[in-house]
Amino acid sequence: AGPRPVPAELTDGNSEHLKREHSLMKPYQGAGSAAMPLWDFQGSTMVTSQYVRLTPDERSREGSIWNRVPCFLKDWELHVHFKIHGAGKKNLHGDGLALWYTQERLTPGPVFGSKDNFHGLAIFLDTYPNDEATERVFPYISAMVNNGSLTYDHSKDGRWTELAGCSADLRNQNHDTFLAVRYSRGRLTVMTDVEDKNEWKNCIDIAGVQLPTGYFFGASAGTGDLSDNHDIISMKLFQLMVEHPVEDETVDWTKIEPSVSLLKSPKDNVDDPTGNFRSGPLTGWKVFLLLLCALLGIIVCAVVGAVVFQKRQERNKRFY
């Protein structure tokens, strides 16, 4: 019998599909030392018996934790139990936490404590609005796929490279907060459980996403002038038993370039308070197209006018 297809909804976390080599759970083996056999950590990361703290509630800190084992699953789902909390009041905390499925690992950088121009997938849990003109509500969750050519723009909160996102009240909660990332047959789904309702709420759902196998899972966080505690309590990876077309068997999934097939570029989108997208500001090529259309319109009008004028002249000569 072939693999059993999984329903469209998120997995209930059946233990038989849990991939322990890609999962981080209590009790953390070798807690407080570098002796965790399946995970590496760096920077300000501190492992305790109850959580992995990527950053303390202190300024200018960054830390990360990365799985040592590359993931060769084509279809997977990641459940993350996390907590972001600190003494800072409204808009006086930051910067946020990132979840990664990337080619690079253990490389510190400016994007929530990890590398920019990465290869793979990032899910950002951004807690501070750097763009003062933004209309979106923070904390804000967004997704980005990169083939190494894109740069995350902190000043615009990653808006130009964001695929989709949603607001989520996930900071300083007294109850558990969870996030799920599902990737199956080119479809990326992100859901949250941060309202203490024990149910998943849809945040991101995008088709046409291409991610290779052989990348690494990780989490990172960073603070700047403002700070927060960024804690990972668990990361559980589940294999999804999904049937693929026969032609997929001939594909070398390790050689696929991270990409997204969108009807339009994320750069043409800006957010509005309803959570939908509207047309963005006029860019250079849009202005060029408008001018070109206007010029063509003028030429067409001139030609039609000349023909009409000539016809009238001929008619006037005949009746003279």
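See above for the structure.
It should be emphasised that the depicted structure is a prediction, and the values quoted were computed from it without experimental measurement.

## Concerning the overall build of the chain
- A count of helices and strands for the chain gives one helix and 18 strands.
- Within the span of the chain, comprising 320 residues, buried residues form 46% of the whole.
- The contacts of the chain with a sequence gap of at least 6 include a subset with a gap of at least 24, amounting to 69%.
- Accessible surface, the chain: about 16,700 Å² in total, of which carbon and sulfur atoms supply 55%.

## Quick look at the sheet that holds strand β5 (residues 76-85)
- In spatial order, the strands read β2-β3-β15-β5-β10-β11-β12; together these seven strands make up an open sheet with antiparallel pairing. The outermost strands of the open sheet, each flanked by one partner alone, are β2 (46-47) and β12 (201-206).
- Two elements, β5 and strand β10 (residues 177-184), share seven bridges in a ladder whose sense is antiparallel. Across the sheet, the residue bridging to Val80 is Leu179, located in β10.

## A word on the environment of Gln42
- Relative to the helices and strands, Gln42 resides in strand β1 (residues 39-43).
- The sequence separation of Gln42 and Ser64 amounts to 22 residues, and the corresponding C-alpha distance is 5.7 Å.
- Each residue touching Gln42, except ones within four places of it in the same chain, is listed here: Gly63, Ser64, Leu106, Thr107 and Pro108.

## Here we look at the environment of Glu104
- Here Glu104 lies in the loop between β6 (96-102) and β7 (119-126).
- Residue classification places Glu104 among the buried residues on the basis of a relative accessible area of 15%.
- Sequence separation of Glu104 and Tyr215 is 111 residues, and the distance between their C-alpha atoms is 7.7 Å.
- Among residues more than four places away in sequence, those in contact with Glu104 are Trp66, Lys115, Asn117, Phe118 and His119.
- Side chain to side chain, Glu104 and His119 meet in a polar contact 2.7 Å long.

## Focus: the packing of aromatic side chains
- Scanning all chains against the criterion turns up eleven aromatic pairs.
- Taken together, a centroid distance of 5.4 Å and an interplanar angle of 50° make the contact between Trp76 and Tyr101 tilted. Of the two residues, Trp76 is situated in strand β5 and Tyr101 in strand β6; the sequence distance between them amounts to 25 residues. In terms of burial, Trp76 and Tyr101 fall into one category: buried.

## What about the state of the cysteines?
- A complete count under the given rule lists one disulfide for this structure.
- The residue that forms a disulfide with Cys166 is Cys203, at a sulfur-sulfur distance of 2.1 Å. Its S-S torsion of approximately -105° makes the covalent link between Cys166 and Cys203 left-handed. With a gap of 37 residues between them, Cys166 in strand β9 (residues 164-167) and Cys203 in strand β12 connect regions that are remote in the sequence. Comparing Cys166 with Cys203 shows no difference in burial state: the two are buried.

## Some words on the side chain of Thr192
- Looking at where Thr192 falls in the secondary structure, it is placed in strand β11 (residues 187-193).
- Given a relative accessible area of 6%, Thr192 falls into the buried group.
- Apart from residues no more than four positions distant in its own chain, Thr192 is found in contact with Ile141, Phe178, Leu179, Glu199, Trp200, Lys201 and Cys203.

## Considerations on a nonpolar patch on the surface
- Together, Leu289, Leu292, Leu295, Leu296, Ile299, Val303 and Val307 make up an exposed nonpolar region whose accessible area comes to about 580 Å².
- Looking at where Val307 falls in the secondary structure, it is placed in helix α1 (residues 284-319).

## Here's the deal with the environment of Trp76
- Look at Trp76 and you get buried, because its relative accessible area is 1%.
- Measuring from C-alpha to C-alpha, the distance between Trp76 and Val181 comes to 8.4 Å, with 105 residues separating the pair along the chain.
- In this structure Trp76 touches Tyr101, Leu121, Val181, Arg182, Tyr183, Leu211, Phe217, Leu237, Phe238 and Leu240, once residues within four positions along its chain are discounted.

## A short note on the side chain of Thr189
- Position of Thr189 relative to the elements: it lies in strand β11.
- Those residues in contact with Thr189, other than ones at most four positions away along the chain, are Ala180, Val181, Arg182, Asn202, Ile204 and Asp205.

## With respect to the pattern of salt bridges
- A complete count under the given rule lists 13 salt bridges for this structure.
- Here Glu77 makes a salt bridge to Arg182, at a shortest N to O gap of 3.0 Å. Taken together, the residues Glu77 in strand β5 and Arg182 in strand β10 connect sequence positions 105 residues apart. Across this residue pair, the class does not change: Glu77 and Arg182 are buried.
- Salt-bridge contacts for Asp205 lead to Arg187; the nearest nitrogen and oxygen are separated by 2.6 Å. A residue pair is termed long-range when its members are at least 10 positions apart, and Asp205 in strand β12 and Arg187 in strand β11 qualify at 18 residues.
- Under the relative-accessibility criterion, Asp205 is labelled partly exposed at 39%.
- For Arg187, a relative accessible area of 42% translates into the label partly exposed.
- Taken together, the shared-partner salt bridges connect Asp40, Arg68 and Arg105 into one network.

Rules and cut-offs
- Residues numbered from 1 in each chain as written.
- Predicted model: local features only at pLDDT ≥ 70, side-chain atom pairs only at ≥ 80, totals over all residues.
- Heavy atoms only, no water.
- Helix = DSSP H or I, 4+ residues; strand = E, 2+ residues; numbered from the N terminus.
- Buried < 20%, exposed > 50% of the residue type's maximum accessible area, 1.4 Å probe, protein only.
- Contact = heavy atoms within 4.5 Å.
- Areas by Shrake-Rupley, 256 points an atom, 1.4 Å probe, with all protein chains shown as cover.
- Pairing = 2+ DSSP bridges.
- Polar contact = N/O pair within 3.5 Å; in protein donor to acceptor, adjacent residues only side chain to side chain.
- Phe/Tyr/Trp six-rings, centres within 6.5 Å; stacked < 30°, edge-to-face > 60°.
- Disulfide = S-S within 2.5 Å.
- Patch = residues over 30% accessible without salt bridge, like charges linked within 9 Å, V, L, I, M, F, W, Y side chains within 5 Å.
- Salt bridge = Lys/Arg side-chain N within 4 Å of Asp/Glu carboxyl O.

Any functional reading would require information beyond the geometric quantities listed.
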